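# Understanding the architecture of this molecule
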Amino acid sequence: MRYVDAFCHFFPKALWDRILTLEGAGAGIGARMRGIPAIYDLEERFRVMDQFSQHDYSQVISLGMPPLEKLGTPAVSVDLAKLANDGLAELVRKHPDRFAGYAAALPMNDPDAAVREAERAFRDLGANAVQIHSNVGGAPLDEERFFPIFETAAKHGKPVCLHPSRGNEVTDYVTEEKSRYEIWWTFGWPYETSAAMARLVFGGVMDRLPELKILAHHLGAMVPYFEGRVGPGWDQLGKRTTDEDLSGVLSGLKRRPLEYFKDMYADSAVFGSRAATVCGLEFYGADKVLFASDCPFDPERGPGYIRETIKVLESIDMPEEQRLKINHRNAEAFFGLAPR
């Protein structure tokens, strides 16, 4: 059985070395990520992957956190994006049996440069997708300045991989100065992804670009579990709002809100939760779910989430054709990978 891991992370060497020279967030990522060698050490990454050689296992790679725009000025982000995409493309070119493809990184704090880098990555570097985070310096993705980036992906027929981004500076309570107990990550990241999906829907991006493909990390975050709120709940949009007239929002959409969310894709990276996997599969269906592990952020620093995700999927009874779709065929079609 072939497994294409559709959403996992790695830093190419030239980019990693450059990040370690940066102050602020760059210094912070160095201190944190050094404890996860499989995200920057290629030989360690191969050792992790070798544990799954019996599965014909390969990965679609993208950068880890934080977003490039948090690492410096727009000029710095542009430089980092070029290093990232040159390095990711080289890894795919040199190790096609290991890395089936990659999602390009963009300097989102300079939207015009992000468009140029997306064009370069698609045209010259063979990028299979772009990775975009759920907000850009706190700004929503449906701001008009970001639309040309999505338009570029749609024009090239390339998907957008949507990754959450939120730090402890986003508080859980207005009386506090920061989020505590890593609530910003555990509950904050699923919220971030879900909110970004909603802005793409209600902000009109999906209507303006009906061919655009979105992959929502972590099995669509909160959306499958909150199907009732996203469905009949949002069918009543505006009924709960008294300080703003939202009566024209639903009539301005071409479809029911739930249908847009159903049209997005999701991956199986839910850290080995069988209940979440069953819920996500029920919501999206086998045609819209891609196998993914979020490697290498498990407690074992590499193999844990891969192993547990495979175990969960194997424990769920489904027709063989559906299993093949989830494990590799959906990824092949979604990213334009060569089947084997």
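Please refer to the structure placed before this passage.
A brief look at the structure comes next. (Residues numbered from 1 in each chain as written. Predicted model: local features only at pLDDT ≥ 70, side-chain atom pairs only at ≥ 80, totals over all residues. Heavy atoms only, no water.)

### Quick look at the sheet that holds strand β2 (residues 57-62)
Where strands meet in a sheet, backbone hydrogen bonds hold them as pairs that are either parallel or antiparallel. One open sheet accounts for 8 strands, arranged β1-β2-β3-β4-β5-β6-β7-β8; its pairing is parallel. The outermost strands of the open sheet, each flanked by one partner alone, are β1 (3-9) and β8 (289-290). Both strand β7 (residues 265-267) and β8 contribute to a ladder of 2 bridges, which runs parallel. In the strand pairing of β8, A266 is matched with V289. Strands β2 and β3 (99-104) of the sheet are contacted by helix α4 (residues 74-94), whose axis makes an angle of about 165 degrees with β3. (Pairing = 2+ DSSP bridges. Helix = DSSP H or I, 4+ residues; strand = E, 2+ residues; numbered from the N terminus. Contact = heavy atoms within 4.5 Å. Axes fitted to C-alpha atoms, helices over the stretch in contact; angles between N-to-C directions.)

### Considering the nonpolar core
One finds Y102, I132, F150 and L212 to be the most contacted residues of the largest nonpolar core, which totals 91 residues. If you tally residues by element for this core, the top one is α4, at 8 residues. The contact partners of I132, leaving out residues within four places of it in the chain, are L106, M108, L141, I149, F150, V160, C161, L162 and H163. Core analysis: the next-biggest nonpolar cluster, separate from the first, contains 17 residues, L215, L290, A331 and F334 among them. (Core = buried A, V, L, I, M, F, W, Y, C linked by side-chain atoms within 4.5 Å. Buried < 20%, exposed > 50% of the residue type's maximum accessible area, 1.4 Å probe, protein only.)

### A look at the pairing of β2
Counted residue by residue, β2 has 6 buried out of 6 residues, so it is predominantly covered. Side chains of β2 alternate between two faces, with Y57, Q59 and I61 and S58, V60 and S62 buried alike. Strand direction decides the pairing type here: β1 and β2, joined by 5 bridges, are parallel. Across the sheet, the residue bridging to C8 is I61, located in β2. Here 3 bridges tie β2 to β3, and the two strands are oriented parallel to one another. Bridge pairing links I61 to Y102 in β3. After leaving β2, the chain enters α4 and then returns to the sheet as β3, a path that is right-handed. (Right-handed = clockwise from strand over helix to strand, strands pointing away.)

### Some words on the packing of aromatic side chains
Tallying each qualifying case throughout the model produces 16 aromatic pairs. For the ring pair W234 and F261, a centre distance of 5.8 Å and an interplane angle of 15 degrees mean the geometry is stacked. Placement of the pair is W234 in the loop between α11 (227-233) and α12 (247-252) and F261 in helix α13 (residues 257-263), with a sequence separation of 27 residues. Here the aromatic cluster, defined as three or more aromatic residues joined through ring pairs, consists of W184, W185, W189, F271 and Y305. Taking the ring centre of F147 as reference, the NZ or CZ of R208 above it sits at 3.6 Å. Here the guanidinium or amino end of R255 rests over the ring plane of Y260, the centre of that ring lying 4.5 Å away. (Phe/Tyr/Trp six-rings, centres within 6.5 Å; stacked < 30°, edge-to-face > 60°. Lys NZ or Arg CZ within 6 Å of the ring centre and 35° of its normal.)

None of this, on its own, says anything about what the molecule does.
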